[in-house]
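Chain by chain, the residues:
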Amino acid sequence: MRDTGAEQPVVAKKSVKADRAKGLRHPARNGSQPQGREELSGQAKSFSISKMAVWEAYSDVKANKGAAGVDSKSLDDFEQDLKNNLYKLWNRMSSGTYFPKPVRRVEIPKAGGGMRQLGIPTVEDRIAQAVAKKYLEPLVEPRFHRDSYGYRPGKSALDAVEVTRRRCWQYDWVIDLDIRGFFDNLDHALVLRAVRRFTSEKWVLLYIDRWLKVPVQKEDGELETREKGTPQGGVISPLLANIFMHLAFDDWMKTCHPQTPFARYADDVIVHCRTLEETRSLLAVIKSRLVRCLLELHPSKTKIVYCKDGKRPGHYVDEAFDFLGYTFRPRRVWSRSGPTFIGFNPAVSRKAEKVMSRKMRAWRLGLWTGRELCDIADALNPVIRGWIRYYGRFYRSALRRVFHHLNHCLARWVMRKYKKFSRHRKRAIYWLGRVASREPNLFAHWKDLGVRPTAG
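Per-chain numbering applies: the sequence of each chain, read as written, is numbered from 1 onward. Per-residue local features are limited, in this predicted model, to residues with pLDDT of at least 70; the limit for side-chain atom pairs, both in listing and counting, is 80 or more; totals at the level of whole chains, interfaces and linings are taken over all residues. Water and hydrogen atoms play no part in the side-chain values, which are based on all heavy atoms of the structure.

**Some remarks on the pattern of salt bridges**
Stage number 1. In the sections that follow, a salt bridge refers to a side-chain nitrogen of Lys or Arg positioned within 4 Å of a carboxyl oxygen of Asp or Glu. One pass over the full model with this rule turns up 19 salt bridges.
Stage number 2. One salt bridge connects aspartate 147 with arginine 167, and the closest N-O pair in it is separated by 2.9 Å. Of this pair, aspartate 147 sits in the loop between helix H6 (123-140) and helix H7 (157-170) while arginine 167 sits in helix H7, placing them 20 residues apart in sequence.
Stage number 3. Here lysine 218 ties to glutamate 224 by a salt bridge, and the two come within 3.5 Å at their closest N and O atoms.
Stage number 4. Exposure remark for lysine 218: the relative accessible area of 26% places this residue in the partly exposed category.
Stage number 5. For each residue, the accessible area found with a 1.4 Å probe, counting protein chains only, is set against the maximum for its type, and the residue is called buried under 20%, exposed over 50%, and partly exposed in between. Residue glutamate 224 is classed as partly exposed on the basis of its relative accessible area, which comes to 27%.
Stage number 6. Through salt bridges with shared partners, a single network forms among Arg105, Lys218, Glu222 and Glu224. A run of H or I in DSSP counts as a helix once it spans at least four residues, and a run of E counts as a strand once it spans at least two, with each numbered from the N terminus.

Structure below.
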């Protein structure tokens, strides 16, 4: 990042001339800066933020990619004048004159129907947020609860599913908590109060306050002021959400209900109890706690669930729940050493199946007639492997149904590619099945799941 020396130009020029007269050498102006100039400019700044911190934040943002913000400037556009852009951002953040631009509102469909609103900051603002995140994360991470899994290094959604699966075998009852509009309803004053529990660094608090209050630009260009909430899509929003929920829920549960286990991924929370009476009482207490934190439980999505299996034959109105793309419910389990039995286990949810099927239809494979089958496999396999790796971690056989649908999509490609199969779906499937017999590793679901078309 290039220091233009605009802050004290006269002093700088005189210093160079004097040094040259004394026979002292100065570094060439090749984009790097003399150490003395960096120290001089650093002394004039309000906040101590290193240029290296801004560079590392840019590297993180580049790795994560992302869409353009309200200025329509993509990451490639930002990199056209990278050194100057990063220098300007560092200069403004260090002097306290950095103000974020409005976030661009984008709507994406939810898995269960409806639309989810995302707020997309500009590339510059994402880099600035990454600077604050890299400063704040080492301070808060060691103090977070071990059963908080969302957006944390070394933890994943599958870890949360695994620990929930084990606890469902040990505890008879579950509280499936759903916080209504969590990211949209976070109180700004409470968020800042929570951040102050971990740091008193002025620039961090100043810029978090500005990010929270920055307006949202709608699709028609109108600006909407925000008095609460943090936009999903921001780099620092997940960390702020974890800080808030750590104090509002995790730490409170650890102090007031230390014997009650739970797993939390952002605002998705599963709490385990031994009896129905304990479950009902705890749910009322949790509801009261969240109200004090200006949050509200969704009345229809929050529910008490009975973990029914072969050894727990009772009945209750709810005997299944969804968590992180998996449905937990009674399922038949094949034992390696004995007969089958009924266990309470997770498998890919119907909502997740619909999302995958919708994605397969959106590929419109029937129009890929200009490609060969091996080219299609190369394009699709990374996505297929990702689905199998996540949704096939538990009860993998449940994935077979959705990947049979993919085989039918491929059969439509065969019907459009070859005229002799244009009106013969069954013959197209048989042809695809013969290919699968010769090349069983061509598609990831043929290889990893054994879901191949029949060869007739």
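That shown, we press on.
**Some details on the sheet that holds strand E8 (residues 303-306)**
Stage number 1. Between any two strands, at least two bridges found by DSSP are needed for them to pair. Spatially, the four strands line up as an open sheet ordered E6-E7-E3-E8, and their pairing is antiparallel. Each of the sheet's edge strands pairs with one partner strand only, and the pair in question is strand E6 (262-265) and E8. In this sheet, neighbouring strand axes are inclined to one another by 20° on average, regardless of whether the strands run parallel or antiparallel.
Stage number 2. Contact definition: two residues touch when any of their heavy atoms are within 4.5 Å. For every element, the axis is a line fit to its C-alpha atoms; helices are fit only across the contacting stretch, and the angle between N-to-C directions ranges from 0 to 180 degrees. Contacts from helix H11 (residues 237-256) reach strand E3 (173-178), E6 and strand E7 (268-273) within the one sheet, and its direction differs from that of E6 by about 175°.
Stage number 3. Contacting E3, E7 and E8, helix H12 (residues 276-292) crosses the sheet at an angle of about 20° to E3.

**Notes on the nonpolar core**
Buried together is how nonpolar side chains tend to be arranged in soluble globular proteins.
Stage number 1. In this structure, Ile127, Ile208 and Val271 are the most contacted members of the largest nonpolar core, which totals 69 residues.
Stage number 2. Setting aside residues up to four positions removed in sequence, valine 271 forms contacts with Trp173, Val174, Ile175, Leu177, Phe249, Met253, Thr260, Pro261, Phe262, Leu282 and Ile286.
Stage number 3. Throughout this description, the term nonpolar core refers to a set of buried Ala, Val, Leu, Ile, Met, Phe, Trp, Tyr and Cys residues connected via side-chain atoms within 4.5 Å. By size, the runner-up hydrophobic cluster in this structure holds 38 residues, among which are Ile384, Phe403, Cys409 and Ala436.

**Points about the side chain of aspartate 178**
Stage number 1. The topology assignment puts aspartate 178 in strand E3.
Stage number 2. When residues no more than four places from it in sequence are discounted, the contact partners of aspartate 178 are Glu296, Leu297, His298, Lys301 and Thr302.

**Focus: empty space enclosed by the protein**
Stage number 1. The rule is simple: put a 1 Å grid over the protein atoms alone, call a set of points where a 1.4 Å probe fits but cannot get out a cavity, call an open set with protein on both sides within 12 Å along at least five of seven lines a pocket, and count a residue as lining if it has an atom within 4 Å of a point. Grid points are joined across faces, edges and corners, and a volume is the space filled by probe spheres set on the points. For the structure shown, the criterion picks out two cavities of 30 Å³ or more.
Stage number 2. The volume enclosed by the largest cavity comes to roughly 100 Å³.
Stage number 3. Going through the elements one at a time, H6, helix H10 (202-213) and H11 are the ones with two or more residues in the lining of the largest cavity.
Stage number 4. Considering each element in turn, the lining of the largest cavity owes the most residues, three residues, to H10.
Stage number 5. Tallied by class, residues from the lining of the largest cavity come to 10 nonpolar, four polar and two charged. Residue polarity follows a fixed list, in which Ala, Val, Leu, Ile, Met, Phe, Trp, Tyr, Cys and Pro are nonpolar, Asp, Glu, Lys and Arg are charged, and the others, Gly among them, are polar.

**Some remarks on H6**
Stage number 1. Helix length check: H6 (18 residues) gives 25 Å between terminal C-alpha atoms against 26 Å at 1.5 Å per residue, within 8%.
Stage number 2. A residue's bend is simply the angle between two axes: one fitted to the seven residues ending at it, one to the seven starting at it. Approximately 25° is the largest bend angle found in H6, and it occurs at lysine 134, with the proline proline 138 only one to four residues beyond.
Stage number 3. Here H6 has its buried residues at Val123, Glu124, Asp125, Arg126, Ile127, Ala128, Gln129, Ala130, Val131, Ala132, Leu136 and Val140. Multiplying 1.5 Å by the helix residue count minus one yields the expected span of that helix.

**Thoughts on the packing of aromatic side chains**
Stage number 1. Ring pairs shown here join Phe, Tyr and Trp side chains whose ring centres sit within 6.5 Å, with only the six-membered ring taken for Trp; geometry is labelled stacked below 30 degrees between planes, edge-to-face above 60, and tilted in between. One pass over the full model with this rule turns up 27 aromatic pairs.
Stage number 2. Look at tryptophan 173 and tyrosine 306: their rings are 4.9 Å apart centre to centre, the planes differ by 40°, and that puts the pair in the tilted class. Taken as a pair, tryptophan 173 in strand E3 and tyrosine 306 in strand E8 lie far apart in primary sequence, 133 residues in all. Across this residue pair, the class does not change: tryptophan 173 and tyrosine 306 are buried.
Stage number 3. Arranged with centres 5.0 Å apart and planes meeting at 90°, the rings of tryptophan 173 and tyrosine 316 form a pair that is edge-to-face. Separated by 143 residues along the polypeptide, tryptophan 173 in strand E3 and tyrosine 316 in the loop between E8 and strand E9 (321-323) bring together distant segments of the chain.

**With respect to the sheet that holds strand E10 (residues 326-333)**
Stage number 1. Pairing in this open sheet of three strands is antiparallel, and the strands run E9-E10-E11 from one edge to the other. Of all the strands in the sheet, the pair left with one neighbour each is E9 and strand E11 (341-348). Neighbour to neighbour, the strand axes of the sheet diverge by 45° on average, direction disregarded.

**Observations regarding the packing of H6 against H10**
Stage number 1. Running from N to C, H6 and H10 cross one another at 135°; their axes reach a closest spacing of 11 Å. For the element pair H6 / H10, the angle class is oblique. The chirality of how H6 crosses H10 is left-handed. Contacts between H6 and H10 involve Ala128, Gln129, Val131, Ala132, Tyr135 and Leu136 from the first element and Trp203, Val204, Ile208 and Trp211 from the second. Oblique is the label for any angle not covered by the other classes, which are roughly parallel (under 35 degrees), roughly antiparallel (over 145) and roughly perpendicular (65 to 115). Here a crossing is taken to be left-handed if its near helix is turned anticlockwise relative to the far helix by less than a right angle, and right-handed if that turn runs clockwise.

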